[in-house]
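Below, each chain spelled out in residue letters.
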Amino acid sequence: MDNLIIAGKTYASRLLVGTGKYKDFTETRAAIEASGAEIITVAIRRTNIGQHADEPNLLDSVPPSQFTLLPNTAGCYTLDDAVRTLRLARELLDGHNLVKLEVLGNPETLYPNMVETIKAAEILVKEGFDVMVYTSDDPIAAKQLEEIGCVAIMPLASLIGSGMGILNPWNLQIIIDNAKVPVLVDAGVGTASDAAIAMELGCDGVLMNTAIAAAQNPVLMASAMRKAVEAGREAYLAGRMAKKIYTASPSSPVEGVIASAQSK
Amino acid sequence: MIHITINGETRQFDQSINIAQFIDENNLQGKRIAIERNGEIVPRSQFTEQFLADGDRLEVVVAVGGG
């Protein structure tokens, strides 16, 4: 079996999905099921105190017994906030160590602050977390994060929530070629072909949220993404044909074509 | 009267209460929450042992949808 292995645990699906931006938890659950994803990201936020006692909880719809939850640090702009958020997440999820680290640097672009990301990764790895880390597509930063002990490197394909697709396949290729841990594209996928391209490059997986949640039909898009990730992975494993520039090669035999009376 | 900052908002309590009582009084019992007190995690096992003190800062969090 061609499985994804992260921090020693095996997953059949190479598609990881977020739980944000859905209209309700029913749609969240339906999209996740259609995606086939096993690893599901969640955010950690302050709860309402003393009000909305009957507010539905996300974890009732995506229980930790059925999915591997991946708490993230979305919205954190300092290493301190990110580390505290993940300590709270570990307590919330009964000692669960697999986390997604992201430390943002700018509210407009949501581009990662790599200096703070690297410092936070060092602390979290020392504290026993299995850190999947959101990074710029800088091959040097990606390598540093791997050397710190992060269990997966997750470069952006383009800005978070932009749907702009794979803007720099060459940088992703360098990161993939040099990594000994799984590399997952995180952020920027807009439609199924983007996910397939990421997988064809040799990515080990793709993490997405908005591409599914903001589609006109999120559940159908989740199904499309599942197939795109599988198709891209199979194409990568199959090994694509070489590109022939300026040279055609017929697929049908050149011999035995019927001839008209005038020719020959 | 003690003052405690909970999720950024200051609240008054008549007397020192433990974390478990705080949870009950605010309809948080049975919910999947995690609590940080003055920057340190409060493990669930210590909810009855830890009493709130004047000036404490609490963060009470849940999991929500996110990417």
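Procedures and definitions
Residues numbered from 1 in each chain as written. Chains lettered and ligands numbered in written order. Predicted model: local features only at pLDDT ≥ 70, side-chain atom pairs only at ≥ 80, totals over all residues. Heavy atoms only, no water. Phe/Tyr/Trp six-rings, centres within 6.5 Å; stacked < 30°, edge-to-face > 60°. Lys NZ or Arg CZ within 6 Å of the ring centre and 35° of its normal. Axes fitted to C-alpha atoms, helices over the stretch in contact; angles between N-to-C directions. Helix = DSSP H or I, 4+ residues; strand = E, 2+ residues; numbered from the N terminus. Parallel < 35°, antiparallel > 145°, perpendicular 65-115°, else oblique. Left-handed = near helix turned anticlockwise from the far one by under 90°. Contact = heavy atoms within 4.5 Å. Nonpolar A, V, L, I, M, F, W, Y, C, P; charged D, E, K, R; others polar. Buried < 20%, exposed > 50% of the residue type's maximum accessible area, 1.4 Å probe, protein only. Arc of directions from axis to C-beta. Polar contact = N/O pair within 3.5 Å; in protein donor to acceptor, adjacent residues only side chain to side chain. Pairing = 2+ DSSP bridges. Salt bridge = Lys/Arg side-chain N within 4 Å of Asp/Glu carboxyl O.

## Focus on the packing of aromatic side chains
The geometry of two aromatic rings is summed up by the distance between their centres and the angle between their planes.
Residues and elements named next belong to chain A.
Right, on to step 1. Under the defined criterion, the tally for this structure stands at one aromatic pair over all chains.
Right, on to step 2. The cationic tip of Arg-90 hangs over the ring face of Phe-129; the distance from NZ or CZ to the ring centre is 3.8 Å.
Right, on to step 3. Lying over the aromatic face of Tyr-134, Lys-100 brings its terminal NZ or CZ to 5.8 Å of the ring centre.

## Notes on the packing of helix α1 (residues 25–35) of chain A against helix α9 (residues 218–238) of chain A
Residue and element names in this part refer to chain A.
Right, on to step 1. Where α1 meets α9, the closest approach of the two axes is 7 Å, and the angle between their N-to-C directions is 20°. In terms of axis orientation, α1 runs roughly parallel to α9. The crossing of α1 and α9 is right-handed. When α1 is examined against α9, the residues Glu-27, Ala-30, Ala-31, Glu-33, Ala-34 and Ser-35 are found in contact with a partner set consisting of Pro-218, Val-219, Ala-222, Ser-223 and Arg-226.
Right, on to step 2. Its residues placed into classes, the contact of α1 with α9 shows six nonpolar, two polar and three charged.

## What about α1 of chain A?
All names here are of chain A.
Right, on to step 1. Of all the positions in α1, only Glu-27, Thr-28, Ala-31, Ile-32, Ala-34 and Ser-35 are classed as buried. Down the axis, α1 shows its buried residues gathered within 160° of arc, on one side only.
Right, on to step 2. Those residues of α1 hidden inside the fold are in contact with β3 (15–18), β4 (39–46), α2 (58–61), α8 (210–213) and α9.
Right, on to step 3. In the segment just after α1, Gly-36 is the residue with positive phi, at about 75°.

## Examining the side chain of Arg-14 of chain A
All names here are of chain A.
Right, on to step 1. Looking at the secondary structure, you find Arg-14 in the loop between β2 (9–11) and β3.
Right, on to step 2. For Arg-14, the side chain forms a polar contact with the main-chain oxygen of Asn-3, separated by 2.9 Å.
Right, on to step 3. In this structure the side chain of Arg-14 is engaged in a polar contact, spanning 2.8 Å, whose partner is the backbone oxygen of Asp-204.
Right, on to step 4. Residues in contact with Arg-14, not counting those within four places in the same chain, are Asp-2, Asn-3, Leu-4, Met-199, Asp-204, Gly-205, Val-206, Val-229 and Arg-233.

## Describing the sheet that holds strand β7 (residues 130–135) of chain A
All names here are of chain A.
Right, on to step 1. Read across the open sheet, the three strands follow the order β6-β7-β8; overall the sheet is parallel. In this open sheet, the two edge strands, each paired with only one partner strand, are β6 (98–101) and β8 (152–155). When strand polarity is set aside, the average angle formed by the axes of neighbouring strands in this sheet is 20°.
Right, on to step 2. When β6 meets β7, the two strands line up parallel, connected through four bridges. Bridging across to β7, Leu-101 finds its partner in Val-133.
Right, on to step 3. In this fold helix α4 (residues 114–126) packs onto β6 and β7, with an angle of close to 175° to the strand it touches most, β7.

## A closer look at unusual backbone geometry
Trans peptide bonds make up most of the peptide bonds, and negative phi angles are found at most residues other than glycine.
Residue and element names in this part refer to chain A.
Right, on to step 1. With a phi angle near 70°, Lys-21 is a residue other than glycine that sits in the positive phi range.
Right, on to step 2. On the secondary structure map, Lys-21 appears in the loop between β3 and α1.
Right, on to step 3. What makes Lys-21 exposed here is its relative accessible area of 58%.
Right, on to step 4. Its identity is not glycine, yet Ala-187 carries a phi of approximately 95°, on the positive side.
Right, on to step 5. With respect to the helices and strands, the residue Ala-187 is situated in the loop between β9 (184–186) and α7 (192–201).

## Observations concerning the environment of Ile-49 of chain A
Right, on to step 1. Tracing the chain through its elements places Ile-49 of chain A in the loop between β4 and α2.
Right, on to step 2. For Ile-49 of chain A, a relative accessible area of 8% translates into the label buried.
Right, on to step 3. Along the chain, Ile-49 of chain A and Leu-104 of chain A lie 55 residues apart, while their C-alpha atoms are 27 Å from each other.
Right, on to step 4. Setting aside chain neighbours within four positions, we find Ile-49 of chain A in contact with Ile-6, Asn-7, Arg-11, Phe-22, Asn-26, Leu-28 and Val-60 of chain B.

## Quick notes on the pattern of salt bridges
Right, on to step 1. Scanning all chains against the criterion turns up 15 salt bridges over all chains.
Right, on to step 2. A salt bridge links Asp-94 of chain A to Arg-44 of chain B; its shortest N-O distance comes to 2.9 Å. Remark: Arg-44 of chain B occurs in the loop between β4 (40–41) and β5 (57–65) and Asp-94 of chain A occurs in the loop between α3 (79–92) and β6; the pair is interchain, linking two chains.
Right, on to step 3. Residue classification places Asp-94 of chain A among the exposed positions, given a relative accessible area of 53%.
Right, on to step 4. Through salt bridges with shared partners, one network takes in Asp-2, Arg-14 and Arg-233 of chain A.

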